[in-house]
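Close look at the chain arrangement
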Amino acid sequence: SWVMKLNPQQKAIVAEIRRGVKEGETRPLVIAACAGAGKTHTLVTAVAAAINQGLDPEKVLLATFTKVGGEEMKKRLAKVVEPAKLVKLRVGTI
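Presented here is an overview of the structure given in this document. What you are looking at is a predicted structure, and each value in this text was computed from that prediction instead of being measured.

Quick look at the pattern of salt bridges
Summed over the entire model, instances satisfying the criterion amount to 4 salt bridges. Glu16 is the partner of Arg19 in a salt bridge, and the nearest nitrogen-oxygen pair spans 2.8 Å. Of this pair, Arg19 and Glu16 are both found in helix H1 (residues 8–23), 3 residues apart, which corresponds to roughly one turn of the helix. Linking Glu71 and Lys74 is a salt bridge whose minimum nitrogen-to-oxygen distance equals 3.6 Å. Taken as a pair, Glu71 and Lys74 lie in helix H3 (residues 67–80) at a separation of 3 residues, close to a single helical turn. Glu71 gets classed as partly exposed once you look at its relative accessible area, which sits at 44%.

Scoring rules and cut-offs
- Residues numbered from 1 in each chain as written.
- Predicted model: local features only at pLDDT ≥ 70, side-chain atom pairs only at ≥ 80, totals over all residues.
- Heavy atoms only, no water.
- Salt bridge = Lys/Arg side-chain N within 4 Å of Asp/Glu carboxyl O.
- Helix = DSSP H or I, 4+ residues; strand = E, 2+ residues; numbered from the N terminus.
- Buried < 20%, exposed > 50% of the residue type's maximum accessible area, 1.4 Å probe, protein only.

Next up, the structure:
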């Protein structure tokens, strides 16, 4: 599974999101790290896992600082989220 490719810190983020979805206690999450640290990969993995676990994609907002980053998140999500659910996600820049 793609979760197994994450490092321990990234796995902890995904696990926390999954726990929240399971318990019905989702909350905002901010991931701040240097370039190349795996933020996009972690977010895409976490969001895909949460949606596959039953999280309503309309409750998801992914925001980044650059248009390129937002487009990259959309591209990666398209590979792991069903098209019908993908269109309900809000992905963009701030």
